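So you can see what is in the structure, the chains are spelled out below.
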Amino acid sequence: MLNMIKMDWFAIKYYQKRVLVICIPLFAIGYISPVLLMPTAAFLFFLFSLDPFAVEEKGDLNRLYLTLPVKRNDIVAGRYALSLIIVLCGILLGLVCMPLANRISLSKWYPDLKWILALAAFSLLLYALMNLFMYPLLFKLGYQKGKFWGMYVPLGVCTTAYAVFWTYTLLPGNEKLVFNMLVYASEHMLLVSGGMLVLAAALLIVSYLLSLRIYLKREF
């Protein structure tokens, strides 16, 4: 698996400079609120972790990999491990940028340690959800088709659900719904953060097993 991580990382060498571009939207988000930095960084770095699939499809690297003394499960495990490493680096970058963003941010609220841990747990949950939507389809359909059905369609559904939720909170009697949810989370932080981490781990396991099953049966 370690060799596959190295191979995938080397394969996207040309794309690695994109990490610098990611700092631009992070700066803009940090100006709004430092609270948004870790989830945003997790999302952007997750998109960066998809580049091995793009290079793989462009260079038809699947055929090359299968001529090497590696198993298909090593290819899948390596891709997941590299993805998790990249996203964790993104979350860490968001954490480091939070104190800097707080100096210029429009928001006057800065999270304490327990909320920072909750934000990290939420960022991992967000990554796990995106991973579940995308990785099995990428292993089955390739980069172009998998990206459309695995990212654009779910993003459209999530955006619609988000709009419906906020419309619901504007209805009479629901104005304090978000506030009450935040109060509950604050009073049960260990339960909420732990629950998000457990759910994230479960989703990643399901995603990995699906991808492994799909890739083992895929013909090239």
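Sequence order sets the numbering: in each chain, residues are counted from 1 along the sequence as written. Per-residue local features of the predicted model are confined to residues with pLDDT of at least 70, and side-chain atom pairs are confined, for both listing and counting, to 80 or more; whole-chain, interface and lining totals are unaffected and use all residues. Side-chain calculation: all heavy atoms of the structure are included, whereas hydrogens and water are not.

Participant: Let's hear about the overall build of the chain: which residues, and what values?
Facilitator: Helix and strand assignments come from DSSP, with helices taken as H or I runs of at least 4 residues and strands as E runs of at least 2, each series counted from the N terminus. For the chain, the helix and strand inventory stands at 10 helices and 0 strands. Ordered by position in the sequence, the α and β elements of the chain form the string α-α-α-α-α-α-α-α-α-α. Scored against the burial criterion, the 220 residues of the chain give a buried share of 39%. When contacts within the chain are restricted to residue pairs at least 6 apart in sequence, long-range pairs at least 24 apart make up 79% of them. For the exposure calls, accessible area comes from a 1.4 Å probe over protein chains only, and a residue counts as buried if that area is under 20% of its type's maximum, exposed if over 50%, partly exposed in between. Contact criterion: two residues are considered in contact whenever any of their non-hydrogen atoms come within 4.5 Å of each other.

Participant: So what's going on with the packing of helix 6 (residues 72–102) against helix 10 (residues 189–217)? Residues and values would help.
Facilitator: Orientation of helix 6 relative to helix 10, taken along the N-to-C sense of each, is 145 degrees, at an axis distance of 9 Å. You can see that helix 6 and helix 10 cross each other, and the crossing is right-handed. Each of Arg72, Asn73, Ile75, Val76, Ala77 and Tyr80 in helix 6 lies in contact with helix 10, whose residues at this interface are Leu204, Ser207, Tyr208, Ser211, Leu212, Tyr215 and Leu216. In terms of residue class, the contact of helix 6 with helix 10 is built from 9 nonpolar, 3 polar and 1 charged. Axis angles are defined between N-to-C directions and span 0 to 180 degrees, where every axis is a line fitted to C-alpha atoms and, for a helix, only to the segment in contact. Note: crossing handedness is left-handed where the near helix turns anticlockwise from the far helix by less than a right angle, and right-handed where it turns clockwise. Any residue that is not Ala, Val, Leu, Ile, Met, Phe, Trp, Tyr, Cys, Pro, Asp, Glu, Lys or Arg is counted as polar, Gly included; the first ten are nonpolar and the last four charged.

Participant: Summarise a nonpolar patch on the surface; cite the residues concerned and give the values.
Facilitator: Each patch is assembled from residues with relative accessible area greater than 30% and no salt bridge, linking like charges that lie within 9 Å and nonpolar side chains (Val, Leu, Ile, Met, Phe, Trp, Tyr) that lie within 5 Å. Areas reported as accessible are Shrake-Rupley estimates using a 1.4 Å probe. Residue values count occlusion only from the protein chains shown. Each salt bridge in this description consists of a side-chain nitrogen of Lys or Arg and a carboxyl oxygen of Asp or Glu lying within 4 Å of one another. On the surface, Leu141, Phe148, Trp149, Tyr152, Val153, Leu155 and Val157 cluster together into a nonpolar patch covering about 650 Å² of accessible area. A total of 6 residues in the nonpolar patch trace back to one element, the largest contributor, which is helix 8 (residues 143–169). Its location among the elements puts Val153 in helix 8. By relative accessible area, Val153 is classed as partly exposed at 34%.

Participant: Which residues make up the side chain of Thr40, and what values go with them?
Facilitator: In this fold, Thr40 is placed in helix 3 (residues 37–48). Ignoring sequence-local partners within four residues, the contact set of Thr40 consists of Leu26 and Ile29.

Participant: Explain helix 1 (residues 2–11) to me, and be specific about the residues and the numbers.
Facilitator: Buried residues of helix 1: Met4, Ile5 and Asp8, and no others. Take helix 1 and look down its axis: the buried residues cluster within an arc of 105 degrees, on one side only. Exposed side chains of helix 1 directed beyond 90 degrees from the buried face belong to Leu2, Asn3, Lys6 and Phe10. For this quantity, the arc is that covered by the directions from the helix axis to the C-beta atoms.

Participant: A description of the nonpolar core should follow, citing residues and the corresponding values.
Facilitator: Residues Phe46, Leu50, Met134, Tyr135, Leu138 and Phe139 are the most contacted members of the largest nonpolar core, which totals 48 residues. The leading source of residues in this core is helix 7 (residues 113–141), at 12 residues. Discounting residues that sit within four places of it in the chain, Leu138 has contacts with Leu50, Phe53, Tyr143, Gly146, Lys147 and Arg218. Nonpolar cores are built from buried Ala, Val, Leu, Ile, Met, Phe, Trp, Tyr and Cys residues. Side-chain atoms within 4.5 Å join them into one set.

Participant: An account of the packing of helix 6 against helix 7 is needed here, citing residue identities and associated values.
Facilitator: In a packed pair of helices, the relevant descriptors are the angle between the two axes and the axis-to-axis distance. Contact geometry of helix 6 with helix 7 gives a least axis separation of 11 Å together with a crossing angle of 150 degrees. Accordingly, the angle class assigned to the pair helix 6 and helix 7 is roughly antiparallel. As for the relative orientation of helix 6 and helix 7, their crossing is right-handed in sense. Where helix 6 abuts helix 7, its residues Val76, Arg79, Tyr80, Ser83, Leu84, Val87, Leu88, Ile91, Leu95 and Met98 lie against Ile116, Leu119, Ala120, Ser123, Leu124, Tyr127, Asn131, Tyr135, Pro136 and Phe139. Considered class by class, the residues forming the contact of helix 6 with helix 7 number 16 nonpolar, 3 polar and 1 charged. Oblique is the label for any angle not under 35 degrees, not over 145, and not in the 65 to 115 range, which are roughly parallel, roughly antiparallel and roughly perpendicular in turn.

Participant: Explain the environment of Ile104 residue by residue, including any values.
Facilitator: Take Ile104: it is sitting in the loop between helix 6 and helix 7. Residue Ile104 is classed as partly exposed on the basis of its relative accessible area, which comes to 38%. Here the alpha-carbon distance between Ile104 and Phe27, two residues 77 residues apart in the chain, equals 9.9 Å. Among residues more than four places away in sequence, those in contact with Ile104 are Phe27 and Tyr31.

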